[in-house]
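Results of the structural survey
Chain by chain, the residues run as shown.
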Amino acid sequence: MSAVNERAHRRATGLHDRARAAVYGYDFAQARSLLDQALGALDSAPERDNPDLVPMRVRVLVTAAYVDTEIGQVDLGLGRLDVADRLMHDIADDARRRELTGLSLEQRGFLLIRVGRNDEGLRVFEDAADVLERNLADGVGDPSVLAILYLNRSLAHILEVRPNAAVAELDRCVDLAERHDLDPTISYKARHNLGYVAYMSGDMPTALRRYEENARLCRERALSLLPVVLVDQARAMLAAGLGEEAARTLDEALLLLRRQRGSQDAAEAEVARAAAALLDGDVALARRRARSAEAKFTKRGNFRWAAIAALTGIRAQTVSALRTGRVRQSLVDSAVKLADRLRALMLEDETALALLLAIRLELRRGDPAAAEVLLDMVPRARPTTPIDHKMLLRLCRAELAVSRGVTRVALAEARAGLIELGNARDRMGGLELVCGTALHGQELGELAVRLVLQRRAPDARRLFGWLERTRAQVYRYEPLPAIDDPVMAEKAAELRNVRRAVQSVRLAGRSAQKLEKQTVALEREVLRLGWSASTWGRPRPVGTLEEVTAALGDRALVSFATSGGEVVAVVVAGTRVRMIRLGTSSAAAEWSARLHADLNALAPDTLPPPIVDVVKASAGRSAGGLDAQLIRPLLGLVGDRELIIVPTGALYAVPWGSLPSLCGRPVVVAPSATAWLTAVAAEATAGRTVLARGPLLTGLVAEEEKLRQVYPDAIALDGEHATVAEVLKALDGADLAHLAAHGEHEPTNALFSRLELADGPMFAYEVARLRQPPRQVVLAACELALNYVRPGDEALGYAGALLASGVRTVVAAISRVGDESAATAMIGYHQRLAAGVTPARALAESVAEDPYRRPFICLGAS
């Protein structure tokens, strides 16, 4: 090679290396500029067609083809590869020609898949694999190109919903990378993509497990890939409806990415963080994050991701417009134009989403004809289309049918969508994931209920059916036998020890900040281990009105619901089914909150009598207000029957036994009629009775000796014997368990609601994993009946976890309760229970003696 050509080659090589670095940093604008300069350097050589310069020109063209495709110029990119392939004939060195032929083919296959031409891309990949595998056998070329081919080919199989083929490709990639001691990043990416395979297949438990394993590996080895793993993990959380957990994970990732100066990955994380904010209802934050990400992508010439960020921004604006009812034509136009951009970038699911947003906006503007035109343009959903996109499509079809006055079609769409969502829920592991998926069907369910109520004469029977389809679906599952997980058990024990250490440090008057951070991290780890467990249980069918009526006998069921700011009740009593309107939901929520606050204020055993009298008077007014709004209008229908109450939203916090019309009346609270049916049908057991007592109860408590007199054969665990392990062991297979221990409801992470035992807290999720849960559990502790209510009335908490895991009856307090009041109430309850009185009646009679200081309710069945 002449000296002039040598200089041109050297300059082009340097520019190409810098361009590849820019590509790895997703700075496509910079990469494009550098590659154009590299081609210019080669063109300026006196002998531009010199065979010695051809291999470098081919490499530059192959890299440029990728950059062209990423900025939306697909034809230009593929054209560059055509030029590169024609130049192969000018390369005299056989080994060099074979190496570059394989490289060009691999890149062509990847670009075809990137733009949605999967079948064609897979055929090219097949040819490329043949070339690269032969090259490797002959010692020609770089084995990392073949490893990357396996990695990229797995993506094509994922998109074609061939998870087994995708996993096989990733296994080949890992094997090749390890055999040839390639850059470890390749094998880490392959392992990470195993999570992506599960995610795209809708298997969220496996995806979350893979991502958690990868995150742990990255932390242990201090790998720079950690924030990328966290971002993908957060996307899976969002798909499962876990917005708060996703937000925390993304905040951690963003902090790490700022330190690494990973602007592309940071911008992708911002898009996901915007989605998490939307899921949490924070539209302003979602818009800020989306705008910031779009600007970063645009600056770097990454138009594909810039369009995705813009879509998130349009989604936030749409949510805001639909809330306020102020829909501008310019917003509709922006959504449609963005759909065109996304379609040009071969982003089918994103194109569909932009059009669906435009459809909802047109419908709100009152233009169903325009909405129908747009609906015809929506690409068909693929097997890998996210479940929230599928639910939005169902919602658009239903709302369009409503605008046309065809309610029957709208309800059919809602029913089909909820069935589709149920199929996704059936694959979830852990209570949190099962509950979280309800979020994606919330608007669809609310629309169906609203349509039934808007009829001139609402059909109470139909309303009952829709309420059962749309609420508390987690209680519809028959829990599968727990699988022993030694890692989870180890982490739970560690968490318990750290919590005890926090208490000790606080009592000593020292700062526990470091230990508290460790506690939060351990809680997250244990919870995530629970997500990746096997599916929660086998789904049972939704209970029918006929089944409920037959099981009720002389009892009555009252199912509350809210719609359009109004409370309604469906009452089932004998053969009658009626719907009653009960005033505003805001008034009911206000009365409930006031009563709850009053009962909390009454909890201390040592309150002076004058204060007790004042607070009781306030509680009486609040209870009377709730009673007048919710119960008295129903008395003509329910008479003096025992009641099964299915609450909704704020009504989960109501201590029903304190309401004047219900004082002394047996009442059972159930998450749904289906959940009640399941509990009623539970087989009777003849197991043991367990009495367990935690530490730090006051000396005023005298229940222990009297309960032993009531149950002389009971297993009694107290003092140092009341450890978490011993109590869980005793609970497994018991008939009745009475747990007297201080407890605490954890509203932000309900499965970490806890009872304090001798060696630390016993968490709700631990009890939920028992192989054979007790038939009845009495929680003589503070506010452990209180639930964290997710969308779809998916109520989680200590009592909720017990019911979901198969416990038939749970007795627990809905607010704080004093030790003495709890002990006195429980002695009376158990004496009646042992005498053969049903749980609901025994509790009603005991609570009636002091209804405002005994805020216990009976959950499940009686």
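Scroll up to find the structure.
Below or above, wherever it landed, is the structure these notes cover. (Residues numbered from 1 in each chain as written. Predicted model: local features only at pLDDT ≥ 70, side-chain atom pairs only at ≥ 80, totals over all residues. Heavy atoms only, no water.)

Bringing the overall build of the protein into the picture now. If you tally the helices and strands in the protein, you get 36 helices and 18 strands. The C-alpha radius of gyration of the protein comes to 32 Å, within 12% of the 29 Å expected for a compact globule of 862 residues. Projected onto its principal axes, the C-alpha coordinates of the protein cover approximately 105 × 65 × 45 Å. Across the 862 residues that make up the protein, the buried fraction comes to 57%. Of the contacts made within the protein by residues no fewer than 6 positions apart, 72% connect residues no fewer than 24 positions apart. Accessible surface computed for the protein: about 34,700 Å², of which carbon and sulfur atoms make up 50%. Averaging the positions of the 110 positive and the 109 negative side-chain charges in the protein gives two centres separated by 4 Å. (Helix = DSSP H or I, 4+ residues; strand = E, 2+ residues; numbered from the N terminus. Rg over C-alpha atoms; globule rule 2.2 N^0.38 Å. Buried < 20%, exposed > 50% of the residue type's maximum accessible area, 1.4 Å probe, protein only. Contact = heavy atoms within 4.5 Å. Areas by Shrake-Rupley, 256 points an atom, 1.4 Å probe, with all protein chains shown as cover. Lys, Arg positive; Asp, Glu negative; His and termini not counted. Charge placed at Lys NZ, Arg CZ, Asp CG, Glu CD.)

Attention now moves to the packing of aromatic side chains. Across all of its chains, the model carries four aromatic pairs by this definition. A cation over a ring is seen here: Arg469 above Trp466, with NZ or CZ 4.5 Å from the ring centre. Above the face of the Trp591 ring, Arg594 is positioned so that its terminal group lies 5.4 Å from the ring centre. (Phe/Tyr/Trp six-rings, centres within 6.5 Å; stacked < 30°, edge-to-face > 60°. Lys NZ or Arg CZ within 6 Å of the ring centre and 35° of its normal.)

Time to look at the nonpolar core. One finds Ile359, Leu463, Leu557, Met826 and Phe856 to be the most contacted residues of the largest nonpolar core, which totals 106 residues. Listed in part, the 102 residues of the second largest apolar core include Ile71, Met204, Ala215 and Ala240. (Core = buried A, V, L, I, M, F, W, Y, C linked by side-chain atoms within 4.5 Å.)

Before going further, it helps to examine helix H23 (residues 460–470). When we look at burial in H23, the residues that qualify are Ala460, Leu463, Phe464, Trp466, Leu467 and Glu468. Near the N-terminus of H23, the side chain that reaches the backbone nitrogen of Arg461, with its oxygen 3.0 Å away, is that of Asp459. (Polar contact = N/O pair within 3.5 Å; in protein donor to acceptor, adjacent residues only side chain to side chain.)

This paragraph deals with the environment of Gly624. Mapping Gly624 onto the fold places it in helix H28 (residues 609–631). Judged by its relative accessible area of 16%, Gly624 is buried. Spatially, the C-alpha atom of Gly624 lies 8.9 Å from that of Ser661, the residues being 37 residues apart in sequence. Contact partners of Gly624, with chain neighbours within four places excluded, come to Arg632 and Pro660.

Time to look at the environment of Arg708. Along the chain, Arg708 turns up in helix H31 (residues 703–710). Taking the C-alpha atoms as reference, Arg708 lies 23 Å from Asp759; in sequence the two are 51 residues apart. Those residues within four positions of Arg708 in sequence are excluded, and the remaining contacts are Leu691, Ala716 and Asp718. For Arg708, the side chain forms a polar contact with the side chain of Asp718, separated by 3.1 Å.

If you trace the backbone, Glu270 turns up in helix H13 (residues 263–279). Using a relative accessible area of 6% as the deciding quantity, one classes Glu270 as buried. Excluding anything up to four places from it in sequence, Glu270 contacts Leu254, Arg289, Ser292, Ala293 and Lys296.

This part takes up the sheet that holds strand E12 (residues 754–757). Taken in spatial order, the three strands make up an open sheet running E11-E12-E13, and their pairing is antiparallel. The two strands at the open ends of the sheet, each matched to only one other strand, are strand E11 (743–744) and strand E13 (760–763). In terms of strand pairing, E12 meets E13 through four bridges, oriented antiparallel. Note on E13: the bridge partner recorded for Leu757 is Gly760. In the packing of helix H32 (residues 724–731) onto the sheet, the strands contacted are E12 and E13, and the crossing angle to E13 comes to about 30°. (Pairing = 2+ DSSP bridges. Axes fitted to C-alpha atoms, helices over the stretch in contact; angles between N-to-C directions.)

Running from N to C, helix H22 (residues 442–453) and H23 point in directions that differ by 170°, and their axes come no closer than 10 Å. Considering their axes alone, H22 and H23 lie roughly antiparallel with respect to each other. From H22, Gly445, Ala448, Val449, Val452 and Leu453 reach across to H23, where they touch Arg462, Leu463, Trp466, Leu467 and Thr470. (Parallel < 35°, antiparallel > 145°, perpendicular 65-115°, else oblique.)

Attention now goes to unusual backbone geometry. You will see that Asp181, though not glycine, has its phi angle at about 50°, which is positive. Residue position: Asp181 is located in the loop between helix H8 (163–179) and helix H9 (184–200). At Met346, a residue that is not glycine, the phi angle is positive and equals roughly 65°. Mapped onto the secondary structure, Met346 falls in the loop between helix H16 (329–344) and helix H17 (348–365). Taking relative accessible area as the criterion, Met346 reaches 40% and is therefore assigned partly exposed.

Between its first and last C-alpha atoms H22 spans 17 Å; for 12 residues at 1.5 Å apiece the expected length is 16 Å, and the two agree. If you check which residues of H22 are buried, you get Leu444, Gly445, Leu447, Ala448, Val449, Leu451, Val452 and Leu453. Where H22 is buried, its residues contact helix H19 (387–403), helix H20 (407–425), H23, strand E3 (556–563), strand E4 (566–573) and strand E5 (576–584). (Expected span 1.5 Å × (residues − 1).)

This next bit is on the sheet that holds strand E6 (residues 643–646). Pairing between the strands of a sheet is mediated by backbone hydrogen bonds and can be parallel or antiparallel. In spatial order, the strands read E5-E4-E3-E6-E7-E18-E17-E14-E10-E8-E9; together these 11 strands make up an open sheet with mixed pairing. Both edges of this open sheet fall to E5 and strand E9 (715–717), since each of them pairs with a single strand only. For this sheet, the mean angle separating the axes of adjacent strands, direction not counted, is 20°. Here E3 pairs with E4 via eight bridges, running antiparallel. Looking at the pairing, Ala556 lines up with Ala573 of E4.

For a regular strand, side chains alternate in direction, first toward one face of the sheet and then toward the other. Of all eight residues in E3, seven are buried; the element is thus mostly enclosed. Joining the antiparallel neighbours E3 and E4 is a turn of two residues, in which Gly564 adopts a positive phi near 60°.

We now examine the pattern of salt bridges. The full count for this structure, using the stated rule, is 44 salt bridges. In this structure, Arg117 engages Glu120 in a salt bridge whose closest nitrogen and oxygen atoms are separated by 3.0 Å. Glu120 gets classed as partly exposed once you look at its relative accessible area, which sits at 31%. One salt bridge in this structure joins Glu270 and Arg289, with 3.6 Å as the shortest N-O distance. Placement of Glu270 in helix H13 and of Arg289 in helix H14 (residues 283–299) is noted, with a sequence separation of 19 residues between them. Through salt bridges that share partners, Arg32, Asp36, Asp68 and Arg80 make up one connected network. (Salt bridge = Lys/Arg side-chain N within 4 Å of Asp/Glu carboxyl O.)

As enumerated under the stated definition, the model contains zero disulfides in all. Unpaired in this structure, Cys858 has its nearest cysteine sulfur neighbour in Cys663, at a distance of 16 Å. Residue Cys858 is classed as buried on the basis of its relative accessible area, which comes to 1%. (Disulfide = S-S within 2.5 Å.)

By themselves, these are just geometric observations and shouldn't be taken as functional.
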